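Topology and contacts: notes
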Amino acid sequence: MEAVAGFPKREVQAISLIGFAHMLSHLYWIAFAPLAPSMMGSFAISAFEWGLSLGIYSVMTGLFQTPMGLIVERIGGRRVLIFGLLLNSLAIFFIGFLASSFWMLIVLMAIAGIGNSVFHPADYSLLDASVGQNRIGRAFSIHNFSGQIGFIIGAPLAGLLLYTGDWRSAMIILGLLGFGIAILITMSAGCITEGNNVKKKKAIGDSLRGLLVSKPVMLFFLFYVFSSLGNYGVTQFSVLALQPLYGLQALAVVGALTAYQIGTLVLILPGGMLADKTKRFDFVMLSGFGVAASAIFLVGTSVLPFWMVIITLFIAGAMRGGVNATRDVAVRSVIKNLPVGTVFAFVSTGFTVGQALGGIVYGYIFDQFDPNMIFFASAVFTVVGASTVLLNSGTRGRHLK
């Protein structure tokens, strides 16, 4: 029986369940942005210390992501996904319910980061096993779409919960939301295929060695580091930076951040269709990131009226979102005999490295320089990330296994 966009019914069910988990991981991440001023005030910490706490979340995600990929190889992605979702939700819940000092916040952010580490290895392994290969680009784009939904609703939801209560009640409610999604996936896990991705006999050392000696894989790792740094400035510090630039309150400038996230959403699904057809991943990726970097740099000049800032950030988000599926299919194109989940875990560890560095880098920039520099730095990092595509022969053609 055919269902949405030519996907068989079982594939739709699998993509949807995995997408719910992906949505929540993004929702949790972006929810910290509107809560930042209140949490910084409650814990009496600086922007640098706040960035450090976000960095810990990313560091733990990055440290555990590849090991989680290796575990997925051995026991399968479903159990790993549910475990991580529960751990992440529990930590978010206790940040609101229990944290009374900066150091308690750091510990709970670390635990949340471990829970967050499961999503890339488990999700991509399960998608690769559950979806027909001629539809994988569209499946990846829908997966990215679900994550972007989390980005879009996360900031307004957290802002609304903050407005109707306080940051603690907001975190408690968000944690409970995660428990609900974990229960849903547990009850419906039979719809998700493990396939042949569980390879219990393969040595861990062989898997790691294969990653480290692959030039295309290492270049994708660097791409993720710098593109993540570029994105981080907008997603986590634009609310803080736009307030002094335009003399507006946090709730007002959340609109600009939301426009960026909505923009990313708009071209994700068309980008999936493009990813299934294109033979030149490099051209698509360079074009999208080049336009995005230019738009972000323009926002940093502060010459635009605020309504134009909203439109410009929308364009920047759309350009990034439009190439996400091409990026993922390009990664899969260079995998060859390496396990899918482990490769995505490794290269996307670059994403968390960028996030970890981003909290410290942008926190320092915000404390020491004019707020415009947040956007200038974001644009520069985006360009550096895109430049790695020029060196990566794996982005120049389609070599799917």
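Residues numbered from 1 in each chain as written. Predicted model: local features only at pLDDT ≥ 70, side-chain atom pairs only at ≥ 80, totals over all residues. Heavy atoms only, no water.

What follows deals with empty space enclosed by the protein. For the structure on display, the rule yields four cavities of 30 Å³ or more. For the largest cavity, the calculated volume is near 350 Å³. Elements with a minimum of two residues in the lining of the largest cavity: α1 (9-43), α5 (119-130), α6 (136-164), α9 (215-246), α10 (250-266) and α13 (306-333). Here the element with the most residues in the lining of the largest cavity is α9; it accounts for five residues. Partitioned by chemical class, the residues of the lining of the largest cavity number seven nonpolar, 13 polar and two charged. Its volume calculated, the second largest cavity comes out at about 170 Å³. Counting only elements with at least two residues in the lining of the second largest cavity, the list comes to α1, α2 (47-75), α5 and α14 (340-368). With four residues, the single largest contributor to the lining of the second largest cavity is α1. Split into classes, the residues belonging to the lining of the second largest cavity amount to five nonpolar, nine polar and no charged. (1 Å grid on protein atoms, 1.4 Å probe; cavity = no way out; pocket = protein on both sides within 12 Å on 5 of 7 lines; lining within 4 Å. Points joined across faces, edges and corners; volume = space filled by probe spheres on them. Helix = DSSP H or I, 4+ residues; strand = E, 2+ residues; numbered from the N terminus. Nonpolar A, V, L, I, M, F, W, Y, C, P; charged D, E, K, R; others polar.)

The predicted model of the protein chain averages 83 in pLDDT, with 88% of residues at 70 or higher. Averaged pLDDT values for the elements of the protein chain fall to 61 in helix α8 (residues 204-212) and rise to 93 in helix α4 (residues 102-116). (pLDDT = per-residue confidence, 0-100.)

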